[in-house]
2 protein chains.
Amino acid sequence: MEPRISLITLGVADLARAKAFYTKLGFSASSVGGAEIVFLQAGPMALCLFPRESLACDVGVPGEGSGFRSIALAHNVREKDEVDAVIAEAAALGATVVKPAHDATWGGRSGYFADPDGHLWEVAWNPHFPLAADGALTIPP
Amino acid sequence: MEPRISLITLGVADLARAKAFYTKLGFSASSVGGAEIVFLQAGPMALCLFPRESLACDVGVPGEGSGFRSIALAHNVREKDEVDAVIAEAAALGATVVKPAHDATWGGRSGYFADPDGHLWEVAWNPHFPLAADGALTIPP
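Residues numbered from 1 in each chain as written. Chains lettered and ligands numbered in written order. Predicted model: local features only at pLDDT ≥ 70, side-chain atom pairs only at ≥ 80, totals over all residues.

1. Looking at the domain arrangement of chain A
All names here are of chain A. The criterion, for reference: Bear in mind that the domain bounds are from an automatic or database domain assignment. Contact between two residues is assigned whenever their backbone-derived C-beta positions fall within 7 Å. Segments assigned H or I by DSSP are reported as helices when at least four residues long, segments assigned E as strands when at least two residues long, and all are numbered from the N terminus. Under the grouping applied here, Gly and all other residues not named as nonpolar or charged are polar, the nonpolar ones being Ala, Val, Leu, Ile, Met, Phe, Trp, Tyr, Cys and Pro and the charged ones Asp, Glu, Lys and Arg.
Considered domain by domain, chain A is made up of domain 1 (1-60) and domain 2 (70-141). Spacing between the C-alpha centres of domain 1 and domain 2 amounts to 20 Å. Between domain 1 and domain 2, the contact holds ten residues from the first and nine residues from the second. Going through the elements one at a time, β1 (7-12) and α1 (15-25) are the ones with two or more residues in the side of domain 1 that touches domain 2. Top element by residues in the side of domain 1 that touches domain 2 is α1. It accounts for five residues. Residue composition of the side of domain 1 that touches domain 2, grouped by class: six nonpolar, two polar and two charged.

2. A few points about the sheet that holds strand β8 (residues 109-114) of chain A
Within a sheet, adjacent strands bond to each other through the backbone by hydrogen bonds, running parallel or antiparallel. How we decide: When DSSP finds at least two bridges between two strands, those strands are taken to pair. In this description, a line fitted to the C-alpha atoms serves as the axis of each element, helices being fitted only across the stretch in contact, and the angle between N-to-C directions of two axes falls anywhere from 0 to 180 degrees.
With respect to topology, eight strands assemble into an open sheet ordered β7(A)-β8(A)-β9(A)-β6(A)-β1(B)-β4(B)-β3(B)-β2(B), the strand pairing being mixed. A single partner strand is all that each edge strand has here, and the edge strands are β7 (96-103) of chain A together with β2 (28-33) of chain B. Ignoring which end each strand starts from, the neighbouring axes of this sheet average 25° apart. As judged from the six bridges shared by strand β1 (residues 7-12) of chain B and strand β4 (residues 45-51) of chain B, these two strands associate in the parallel manner. In the strand pairing of β4(B), B:Thr9 is matched with B:Cys48. Strands β6 (71-76), β7, β8 and β9 (120-125) of chain A of the sheet are contacted by helix α3 (residues 82-92) of chain A, whose axis makes an angle of about 10° with β8(A).

3. Concerning α3(A)
Residues and elements named next belong to chain A. As a reminder of what qualifies: A residue is called partly exposed when the number of other C-beta atoms within 10 Å of its own lies between 12 and 20, exposed at 12 or fewer, and buried at 20 or more, with C-beta atoms placed from the backbone. In this description, the arc belongs to the directions extending from the helix axis to the C-beta atoms.
Buried within α3 we find Glu82, Val83, Val86, Ile87 and Ala90. Relative to the axis of α3, the buried residues are bounded by an arc of 130° and lie together on one face. On the buried face of α3, the contacting elements are α1, β6, β7, β8 and β9.

4. Regarding the relation of the copies chain A and chain B
Mapping between the two copies of the chain is achieved by a rotation about an axis and a shift along the axis. Short version of the rule: The copies are overlaid by a least-squares fit using only the C-alpha atoms of residues whose pLDDT is at least 70 in both copies.
Overlaying chain A with chain B gives an RMSD of 0.0 Å, the required rotation being 180° about an axis along which the chain moves by 0.0 Å. These values place the two chain copies in the arrangement generated by a two-fold rotation axis. The overlap is high: 100% of the interface residues of chain A also sit at the interface in chain B, so the same surface is used on both sides.

5. Digging into the pairing of strand β6 (residues 71-76) of chain B
Of all the six residues making up β6(B), six are buried; the element is thus mostly covered by neighbouring parts of the structure. On β6(B), burial covers both faces: B:Ile71, B:Leu73 and B:His75 on one face and B:Ala72, B:Ala74 and B:Asn76 on the other are all buried. Both β1(A) and β6(B) contribute to a ladder of four bridges, which runs antiparallel. Counted as the bridge partner of A:Ile8 is B:Leu73 from β6(B). Sheet analysis places β6(B) next to strand β9 (residues 120-125) of chain B, joined by four bridges and oriented parallel. By the bridge assignment, B:His75 is partnered in β9(B) with B:Val123.

In structure tokens:
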């Protein structure tokens, strides 16, 4: 298996609401999809929005679930003060601020928001993990 | 917000087991981290393994949760028969085959496995979404 992730699919309760949230946040929706599924370009991968029940059905598992999902996405920014700005932008679009931006013990700045469907996003400035001009993140080997 | 995802953190029950699974699957672990957290390079982003309770604590939410997590990662392959091969490789390393590889109604081939902590991965061959030489996936605009 090549070490890469092509796509992340988020189960959502209201596809139109989720599409509006992510497109206003800066992601571009593809012309492919529509009323049943939404694809958004996310750098060199795709973010997919799919009704929660449809996703469970596609996987072939029951759709019931609750509580902590044990997974979080992260968006790293280039400058420290962008952490606060991105969290504020998401909150203005309907996200819930789960953990306000703060200086982290590991030397960066971080905070978390939950999208309208509860999917967790960390927004982080991490001086140890540089970002390339195209946004690619490289960890030390 | 720039439309990209920098990192995905998976909550895990046993960090050593999760690290062994993903490194054997082809992801390279960073020298940063160790007994508390593992960072793996995943193309132009990072995949992070973190004890589930540590992740909940970092987010600041209760760690309880069960059932469908309403999210799935996907790994797209270049050739149709690679779907079966990657799922078989993951299964041999301890993954659970949730949905065997099959020809999908949308014209590709797909299947799902769950990693040792239940995180869902779709393995897909999608002729509509081309992969670049470096593995980048581009969706139609």
